[in-house]
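# Working through the structure, step by step
Here are the chains, one letter per residue:
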Number of protein chains: 2
Amino acid sequence: MAVDTSLSERKLIILKAIIQNYLETGEPVGSRTLSKYTELNLSSATIRNEMADLEDLGYIFQPHTSAGRIPSDKGYRLYVDMLMEEKEQEITEREDAMLQKADKVEQVLQQAAKVLASNTNYATMVSSPINNRNTLKFIQLSQVDEEQIVAVIVLGGNVIKNKIIEVGETLSNETLLKLNMLLNTTLNGMPIDQITLGLIARLKEQAGIHSEVVGHVLDAVAEIIHVEDDMKIYTSGATNIFKYPELSDKQSAQEIISAFEEKQQLADLVTETLASEDNHGIQVYIGEEAPVKTMKDCSVVTATYELGEGMKGTIGIIGPKRMDYEHVMKTLKTLQNELDAIYNKDPKE
Amino acid sequence: MAVDTSLSERKLIILKAIIQNYLETGEPVGSRTLSKYTELNLSSATIRNEMADLEDLGYIFQPHTSAGRIPSDKGYRLYVDMLMEEKEQEITEREDAMLQKADKVEQVLQQAAKVLASNTNYATMVSSPINNRNTLKFIQLSQVDEEQIVAVIVLGGNVIKNKIIEVGETLSNETLLKLNMLLNTTLNGMPIDQITLGLIARLKEQAGIHSEVVGHVLDAVAEIIHVEDDMKIYTSGATNIFKYPELSDKQSAQEIISAFEEKQQLADLVTETLASEDNHGIQVYIGEEAPVKTMKDCSVVTATYELGEGMKGTIGIIGPKRMDYEHVMKTLKTLQNELDAIYNKDPKE
DNA sequence: TGTTAGCACTCAAAAGAAAGGAGTGCTAAT
DNA sequence: ATTAGCACTCCTTTCTTTTGAGTGCTAACA
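A brief structural summary. As the structure is a computational prediction, the values presented were derived from the model and not from experiment.

### Quick word on helix α10 (residues 250-262) of chain A
Residues and elements named next belong to chain A. Relative to the 18 Å expected for 13 residues at 1.5 Å per residue, α10 spans 18 Å between its end C-alpha atoms, a close match to the ideal helical length. Ser 252, Ala 253, Ile 256, Ile 257, Ser 258, Ala 259, Phe 260 and Glu 261 are the residues of α10 that are buried. Lys 263 sits one or two residues past α10 and shows a positive phi near 75°.

Here it is as structure tokens:
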């Protein structure tokens, strides 16, 4: 920060020009090119001097002697920060809607990933929202056949879960009714994190001889709450990375695409993003900044959306460091808004 | 077929030797190599003559003059057919178990894909079983809140589906009870494909003023039955294709990996496989034979497994034409057996 | 003091040239 | 029918040369 402000106006302009040019072409940019590109009419020699300074300060570097300059991570970081400040006050005017209506959440999310990928030409991911501090809305046990009952659990946000429970005995209808009553009167509307061991013990006690069944049900609830479990991640356009030579040698391509197939690393990324929220929920990780080592040669831009009732998810794009940050951030923001809106207005299902 | 038998014993041996050698090395194989490799002691010159014949017959070809020979699709086909015949009577002895127990079907399938990939070093896929001619086991409607009820539908094989239904009115408990009774007495144990329009009309009539709700429920059932919808495909090891230079130029790699990400093409492949069952349910597509154009430079080997009650799914591997067919078929068969067994013995969930 | 023209120098990438070698097809001898 | 021998092909590898974009530095200039 302190260092940033110490850059002269002219150096800033030159740095910005270098970066923008490099974003477009992907080639190291030299002094002659710049002397035409910038509005300030300077000879290439002058620019060379400034560039040498910028290199000393660590904002740019040469891939080899006698090549033009390329932005370093530090350079990108400064650029992105400037970008963010500029956009701060700018009101994003309503874009055309990107998403079509669809009645299942997962369809919407998968579609979101696709739209994002086709709009940006980068690899994208969308995580399903996780039920943070959710409430239990409704429980229902039903006998399926002699030895099985199914427990249906509806969470706030109308997320439905089920679990088949094996019981040794056949339960009578009235027993079931009683159990349902017991569970619902106690648990309905209860935030999940308030279901304590004490409460469970009390319920079991009240269930009498059927305490075992109640135990199973609560186990099922516990299982469902376990967040990691069902964070689904939808991806699209992983193969877009082939469009960027700096990422598409076998080694890198394999690593990145693996990450997209296995999804575990993406999940980590999402977790990280959700943990450290920031700037309108838009975060930019450049190179090593990303919480996952696989992405060390990429930039990752993420945003958080909210499907009401504290259910948060992440959308993100992964691309080369020389990505079109401006466009990406704009697209991401638009999509974020649309996702935020979709649940509030649309009485889905 | 007629042509195949016209190959002399010696030509067959040579062809086999060529293919096996090529499978190992990936390099075109020349006459000198062969004259050592084969048990029949022939000079390279003799072998050259035979090879020229084999080339005329279309079983092998040269990538360029003055290179060794490579098997053509036709050559591979003959080889695989021979392999199949040999294996016909061979009893596969019990292998070590590959799969660990897991309580959700989808975990098992995902794991199956992984195991397959790590055992073969090819890209793999596993499709979830589709509920062919399934039966409806149980239906339950429950009131969730004022305007929503949830319909839980259990299918044979304990597949559970739910759907939230918006109702304008609040239904009384006894109404719900009556509807549940009505639906279950009529529909329980009924094969899904026997739910006809006539039946639906009759049910609606019996439901009286609540015919609308019944309609919604049956819509939900219809939606669930729609097969394509929920054929999930689990993949693993897509990046294994980078191990085979003939598939890992940008163009091919991008296409193949895209197919693995989008999954639509894999779904087509599965559909095709399930339609035309064969040889112990093991099928080999070489190059152009595959029903999907993307795989024209690959070989695809698939097998069908059955999770009881006619629920069939497909496991398959995709790799270069010069894949180790023998090992792949063996591994596939083992896994197929394990999947077949898992449901029959294991009272899962 | 900041700017610029000029020039020697560097080095990656492209193009060319030469050598090597695996493999073939054909002919003639066994 | 088999094989040794030889001329020929053409891919692959290696080395060299050329090219050209770009730099840093110095000296002149405003």
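### Observations concerning the packing of helix α7 (residues 173-187) of chain A against helix α8 (residues 197-207) of chain A
Residues and elements named next belong to chain A. In contact at an axis separation of 11 Å, α7 and α8 are set at 155° when each is read in the N-to-C sense. In this view, α7 runs roughly antiparallel relative to α8, as classed from their interaxial angle. Crossing of α7 over α8 shows right-handed handedness. Residues Leu 179, Leu 182, Thr 186 and Leu 187 of α7 form the contact with α8, whose own contacting residues are Leu 199, Leu 203, Gln 206 and Ala 207. Among the residues forming the contact of α7 with α8, the class breakdown is 6 nonpolar, 2 polar and no charged.

### Focus on the relation of the copies chain B and chain A
Between the two chain copies there is a screw-like relation: a rotation about an axis and a shift along it. Turning chain B through 180° and shifting it by 0.0 Å along the axis lays it on chain A, with an RMSD of 0.2 Å. The relationship between the two copies is best expressed as a two-fold rotation axis. The fraction of interface residues of chain B whose copies in chain A are also interface residues reaches 100%, indicating that both copies meet through the same surface.

### Considerations on the pairing of strand β9 (residues 282-286) of chain B
All names here are of chain B. Burial within β9 is extensive, with 5 of its 5 residues counted as buried. Of the two faces of β9, the one carrying Ile 282, Val 284 and Ile 286 and the one carrying Gln 283 and Tyr 285 are both buried. For β9 and strand β10 (residues 298-306), the ladder comprises 5 bridges, and the chain directions are antiparallel. Bridged to Ile 286 within β10 is Ser 299.

### Details of the sheet that holds β9(B)
Residues and elements named next belong to chain B. The sheet built from 5 strands is open, its strands ordered β8-β3-β11-β10-β9 with antiparallel pairing. Each edge of the open sheet is held by one strand with a lone partner, namely β8 (233-236) and β9. Here the strands of the sheet are splayed against their neighbours by 15° on average, with no regard to which way each runs. Taken together, the 4 bridges between strand β3 (residues 123-127) and β8 define a ladder with antiparallel strand orientation. Bridge pairing links Thr 124 to Ser 236 in β8. Across the sheet, helix α6 (residues 105-120) is in contact with β3, β8, β10 and β11 (312-320); its angle to β8 comes to roughly 30°.

### Points about the protein's contact with DNA strand C
Close to DNA strand C lie 20 residues, the nearest being Arg10(A), Thr46(A), Thr65(A), Ser66(A) and Ser31(B). Counting only atoms of DNA strand C within 4 Å of the protein, the fraction found in sugar and phosphate groups is 78%. In the model, a phosphate oxygen of DNA strand C is placed 2.7 Å from a nitrogen or oxygen of the Ser31(B) side chain. Looking at the surface near DNA strand C, the elements that each hand over two or more residues are α4 (44-57) of chain A together with α4 (44-57) of chain B. The leading source of residues in the surface near DNA strand C is α4(A), at 4 residues. Counted by class, the surface near DNA strand C contains 4 nonpolar, 12 polar and 4 charged residues.

### A few points about the sheet that holds strand β7 (residues 190-191) of chain A
All names here are of chain A. With antiparallel pairing, 4 strands are arranged side by side in an open sheet as β6-β5-β4-β7. Of all the strands in the sheet, the pair left with one neighbour each is β6 (159-166) and β7. Alignment of strand β4 (residues 135-145) against strand β5 (residues 148-155), held across 8 bridges, turns out to be antiparallel. Each bridged residue has a counterpart across the sheet, and for Asp 145 the counterpart in β5 is Gln 148. Lying on the sheet, α7 is in contact with β4 and β7; it crosses β4 at an angle near 170°.

### Some words on the protein's contact with DNA strand D
Taken together, 20 residues are adjacent to DNA strand D, and Ser31(A), Arg69(A), Arg10(B), Thr46(B) and Ser66(B) come closest. Backbone sugar and phosphate groups make up 76% of those atoms of DNA strand D lying within 4 Å of the protein. Arg48(A) has a polar side-chain atom sitting 3.0 Å from a base nitrogen of DNA strand D. At 3.0 Å from a phosphate oxygen of DNA strand D is found a side-chain nitrogen or oxygen belonging to Arg69(A). The set of elements that each furnish at least two residues to the surface near DNA strand D consists of α4 of chain A together with α4 of chain B. The dominant element in the surface near DNA strand D, judged by the number of residues it contributes, is α4(B), at 4 residues. Here the residues of the surface near DNA strand D sort into 4 nonpolar, 12 polar and 4 charged.

Rules of the game
- Residues numbered from 1 in each chain as written.
- Chains lettered and ligands numbered in written order.
- Predicted model: local features only at pLDDT ≥ 70, side-chain atom pairs only at ≥ 80, totals over all residues.
- Heavy atoms only, no water.
- Helix = DSSP H or I, 4+ residues; strand = E, 2+ residues; numbered from the N terminus.
- Expected span 1.5 Å × (residues − 1).
- Buried < 20%, exposed > 50% of the residue type's maximum accessible area, 1.4 Å probe, protein only.
- Axes fitted to C-alpha atoms, helices over the stretch in contact; angles between N-to-C directions.
- Parallel < 35°, antiparallel > 145°, perpendicular 65-115°, else oblique.
- Left-handed = near helix turned anticlockwise from the far one by under 90°.
- Contact = heavy atoms within 4.5 Å.
- Nonpolar A, V, L, I, M, F, W, Y, C, P; charged D, E, K, R; others polar.
- Least-squares fit on C-alpha atoms with pLDDT ≥ 70 in both.
- Pairing = 2+ DSSP bridges.
- Near = heavy atom within 4 Å.
- Polar contact = N/O pair within 3.5 Å; in protein donor to acceptor, adjacent residues only side chain to side chain.

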